[in-house]
Amino acid sequence: MNAKVKGYLLGTVAAATYGMNPLFALPLYAEGMDADSVLFFRYIFAVPILAAMMIWRGRGFALGVRPALSLAVMGVMMAFSSLFLFQSYNYMDAGIASSLLFVYPVMVAVMMTCVFHERLTVQTVVCLFLALAGIWLLYRDENGATLSAVGTVMVFLSALTYAVYIVYVSRSSLNAMPTVKVTFYVLLFGSFVFGARLLWGGEVLTPVRWYMWGNLLALAFFPTAISLLCTTRAIHYIGST
């Protein structure tokens, strides 16, 4: 299998698993948990999963000062992308919010074209048009009412921060770092954001039913560890756009 095919397959898996966020998050909301608590457990459960992968692959944990700063910034960026998305679930249907999130490929393409002067191919333009058309179709819900302005802004902020993350990984020295190491530190630094938010003005809420811990583990594994690993690896193979 050549690199291009691998990149497309990894990108597809990344998108599909990231779209699983509502599947596991909404039952936790129904249990009384809030976005900060759900995301806190999501990130801290994902960190040991990535640590185990690093050890299994024989990757070292050593990190220089400059890479650490870059990864810290990307971790905060990814944390706020998650936070904006999960907060948007309180204002609109989670399925629509997660679909609207896929405006981020359009943002990536615009950034790469305007900032890095990447040439847009006909194939890319067609794909962007289809993405925008799909977003336009979702602007009204099944009853004909327009979507929540607050929820829509939150989703677009989530998409923007995710797009910045993708572009930065593609164009920085992080592109040369092992994928599992980048993902591990992004999630580690990201978890500090939710820990700080809960310490500052909230409380850690846990599931009422024991089996809902499985939802938290699934969130940590599928739309977090697997999705970010595949995203970062796909960037290595086919670039950010």
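Here, every reference points to the structure presented above.
Residues numbered from 1 in each chain as written. Predicted model: local features only at pLDDT ≥ 70, side-chain atom pairs only at ≥ 80, totals over all residues. Heavy atoms only, no water.

(A) Examining the nonpolar core more closely. One finds Val38, Leu50, Leu71, Phe86, Tyr89 and Tyr165 to be the most contacted residues of the largest nonpolar core, which totals 72 residues. If one sorts the elements of this core by residue count, helix α3 (residues 35-57) sits on top with 12 residues. With residues up to four places along the chain from it excluded, the contact list for Leu50 reads Val180, Thr183, Phe184, Leu187, Ala225 and Leu229. (Core = buried A, V, L, I, M, F, W, Y, C linked by side-chain atoms within 4.5 Å. Buried < 20%, exposed > 50% of the residue type's maximum accessible area, 1.4 Å probe, protein only. Helix = DSSP H or I, 4+ residues; strand = E, 2+ residues; numbered from the N terminus. Contact = heavy atoms within 4.5 Å.)

(B) Geometry of the environment of Leu160. Of note, Leu160 is situated in helix α8 (residues 149-171). For the pair formed by Leu160 and Leu26, sequence separation is 134 residues and the distance between their alpha carbons is 23 Å. Not counting chain neighbours up to four residues away, the residues in contact with Leu160 comprise Met107 and Met111.

(C) How the structure looks around the packing of helix α6 (residues 104-114) against helix α7 (residues 122-137). As a packed pair, α6 and α7 sit with axes 9 Å apart at the nearest point and diverge in direction by 140 degrees. Relative to α7, the element α6 is oriented oblique. Considering the relative orientation of α6 and α7, their crossing is left-handed. Between α6 and α7, the residues in contact are Pro105, Val106 and Ala109 and Leu128, Ala131 and Leu132, respectively. Split into classes, the residues belonging to the contact of α6 with α7 amount to 6 nonpolar, no polar and no charged. (Axes fitted to C-alpha atoms, helices over the stretch in contact; angles between N-to-C directions. Parallel < 35°, antiparallel > 145°, perpendicular 65-115°, else oblique. Left-handed = near helix turned anticlockwise from the far one by under 90°. Nonpolar A, V, L, I, M, F, W, Y, C, P; charged D, E, K, R; others polar.)

(D) Representation of helix α1 (residues 3-18). For α1, with 16 residues, the first-to-last C-alpha span of 22 Å sits near the 22 Å given by 1.5 Å per residue. Buried residues along α1 sit in contact with α2 (21-30), α3, α4 (65-88) and α10 (213-238). At the N-terminal boundary of α1, the capping side chain belongs to Asn2, with an oxygen 3.2 Å from the backbone nitrogen of Lys4. (Expected span 1.5 Å × (residues − 1). Polar contact = N/O pair within 3.5 Å; in protein donor to acceptor, adjacent residues only side chain to side chain.)

(E) Layout of the pattern of salt bridges. Applying the stated criterion across every chain, the model contains 2 salt bridges. As a salt-bridge pair, Arg209 and Glu31 come within 2.5 Å of each other at their nearest N and O atoms. On the criterion of sequence distance, the pair formed by Arg209 in the loop between α9 (179-201) and α10 and Glu31 in the loop between α2 and α3 is long-range, its members being 178 residues apart. Among the salt bridges present, the one from Arg197 reaches Asp36, with a minimum N-O distance of 2.6 Å. You can see Arg197 sitting in helix α9 and its partner Asp36 sitting in helix α3, a full 161 residues away along the chain. (Salt bridge = Lys/Arg side-chain N within 4 Å of Asp/Glu carboxyl O.)

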